[in-house]
Amino acid sequence: MIRPEGQPILTAAAMRAAEDRAIAAGSSVGALMERAGAAVAEAVRRLASGAPVLILCGPGNNGGDGYVAARVLKANGADVRIAALADPRTEAATAARAGWDGPVAPLAEAGEAPVVVDALFGTGLTRALDDAVARVLGETVRAARLSIAVDLPSGIATDTGAELSAVPDFSLTLTLGALKPAHLLQPAAARCGTVRIIDIGLDRSSRDWSMTKPVIAAPTAADHKYSRGLVVVIGGDMPGAAALASEAAMHAGAGYVMLFEDHAASTPHALVRRAWSAEAFAQALDGKRLDKTAIVVGPGLGKGDIAAAKFAAALDSAYKLVIDGDALHLLDDAAFARIKARPTPVVLTPHAGEFNALFGAVSGSKIDAARDAAARSGAIVVFKGPDTVVAHPDGRTRVALGASPWLSTAGTGDVLAGTIATMLAANTFAPAEAGVWMHSEAARRLGGAFIADDLARMLSAVRTSV
Ligand SMILES: NC(=O)C1=CN([C@@H]2O[C@H](COP(=O)(O)OP(=O)(O)OC[C@H]3O[C@@H](n4cnc5c(N)ncnc54)[C@H](O)[C@@H]3O)[C@@H](O)[C@H]2O)[C@@H](O)CC1
Ligand SMILES: [K+]
């Protein structure tokens, strides 16, 4: 079983294509199902520790995996029984059913068991479960001590992570071959419980991958404050937001952080503060290295002509740029054209509301929506949320693994903007992903009920450990 960090993500269609390639190369659905079912059986056997197992089987190949798992479990001495929704409808599932020599109860008579395995539907689900089926699934899973979903919890849309019908919370999801979008996107991801990947030997090439811990170089004896990265934060009407972005940049490891402010906020002594003027801004950047400087504009920027002028100054500069908060509302197609013409990367960090206002409501997958937005804007788009997606203009995406729900508090977005700017300024590999990971890790270390100021400070410890 493979952990979900740093793994390719395949849609239902991509899984079918991978399956077709494997078959063309000499394998068969039956052989793949045998591998999948045997691996599920082995995981269930170890986790069940001898407790009775109930496997719910559907009509497709997901059910087929369930029949194989039941056969292998029984052969290894497990106490296992099956309840099925319908007779198998595929050739491979029919063969798997024929290999099971125990009884098969109707789903309505499934009853309860300490260990429940859901092999009702996987990537072939096309609509909501019938009410009666969803009810049995919910009741058996809630009554179980341990619940394991094969490939996906039944009732979930593979590619979008939407719940097509009510889905209970599982302890564990064993995904076959590769991660699917639903294992990372909400609300589905929260239903999956722990996710582990079972390798069934499929080719898993994909543009979409889950995020993993970044590698960030520590300073060396040759470093000085500018070589470690200069972050320039442009403040505005709400001084606290820009101060938070600045503090985050400092704690995330920037060598030098400068804040242009209209109103003083209480900040650390190490932060260099300047009053805003276009001239002062230009002067501060004069002669600075393009590869070691990043600007943050948007946190607490406010609205109106002054805000627009500050944003224009940031966009006109050639330096790496993070556009967050209020500045996202100043973007339009003309700004996207300028972003595409700039010599250095731009990162946009919208949450769902800002994303919808800028790019339109998401109708399908958050991954595809972020990808389209990156192509349209020419920027790296960090589509924030409990399932943050980082999309690149070339079509690649990286999806974060379950962020702490405690991050849903004011100011954490400002902290993220400052963190990403620091990664950009330091020339870190995959800077947006590194920033998202550090931010999420800081939240994880804080536990619960923290404030954004705590989050910014916790970045020091996180930075030291990567
Ligand atoms: N792609 C691969 O390489 C492999 C896939 N395997 C398994 O195959 C699964 C996909 O199998 P299938 O494509 O047969 O799909 P499923 O087993 O997910 O179910 C599809 C069947 O259910 C019907 N159906 C869809 N929604 C329904 C609903 N709401 N109520 C009632 N019936 C509904 C469909 O018409 C179809 O007959 C995967 O999730 C995985 O478990 C494995 O066997 C091994 C290899
Ligand atoms: K399932």
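If you're wondering where the values come from, they're calculated on a predicted model, not measured in any experiment.

### Quick word on the overall build of the protein
From N to C terminus, the protein includes 16 helices and 17 strands. Against the 2.2 N^0.38 benchmark of 23 Å for 466 residues, the protein shows a C-alpha radius of gyration of 25 Å, consistent with a compact globule. Seen through its C-alpha atoms, the protein measures out along the principal axes to roughly 80 × 45 × 40 Å. Evaluated residue by residue, the protein yields a buried proportion of 53% over its 466 residues. A separation of at least 24 residues holds for 74% of the contacts in the protein among residues at least 6 apart in sequence.

### Remarks on the site of ligand 1
Close contacts around ligand 1 come from 31 residues, with Glu-19, Gly-60, Asn-61, Gly-122 and Gly-124 the closest. Looking at the shell around ligand 1, the elements with two or more residues in it are α1 (12-24), α2 (29-48) and α3 (61-75). Of the residues belonging to the shell around ligand 1, the class tally is 13 nonpolar, 12 polar and 6 charged.

### So, the confidence of the model for the protein
Should pLDDT be low for a region, the predicted coordinates there are not to be read in detail. In the predicted model, the protein carries a mean pLDDT of 97, and 100% of its residues have values of at least 70. Among the prediction metrics, the complex's ipTM stands at 0.97, with pTM recorded as 0.97.

### Quick look at the UniProt feature "domain: YjeF C-terminal" (unreviewed entry) in the protein
As annotated in UniProt, the feature "domain: YjeF C-terminal" (unreviewed entry) corresponds to residues 208-466 in the numbering used here. Between the C-alpha atoms that bound residues 208-466 there is a distance of 23 Å. The span itself is 42% helix and 15% strand.

### Re the domain arrangement of the protein
In terms of domain boundaries, the protein breaks down into domain 1 (12-204) and domain 2 (230-465). Taken over C-alpha atoms, the centre of domain 1 sits 41 Å from the centre of domain 2. Every contact between the two is made by 7 residues of domain 1 and, on the other side, 9 residues of domain 2. Split by residue class, the side of domain 1 that touches domain 2 holds 4 nonpolar, 2 polar and 1 charged.

Definitions and cut-offs
- Residues numbered from 1 in each chain as written.
- Chains lettered and ligands numbered in written order.
- Predicted model: local features only at pLDDT ≥ 70, side-chain atom pairs only at ≥ 80, totals over all residues.
- Helix = DSSP H or I, 4+ residues; strand = E, 2+ residues; numbered from the N terminus.
- Rg over C-alpha atoms; globule rule 2.2 N^0.38 Å.
- Buried ≥ 20, exposed ≤ 12 C-beta atoms within 10 Å, placed from the backbone.
- Contact = placed C-beta atoms within 7 Å.
- Near = placed C-beta within 6 Å.
- Nonpolar A, V, L, I, M, F, W, Y, C, P; charged D, E, K, R; others polar.
- pLDDT = per-residue confidence, 0-100.
- UniProt positions renumbered as here; feature names shortened; annotations may be inferred.
- Domains from an automatic or database assignment.

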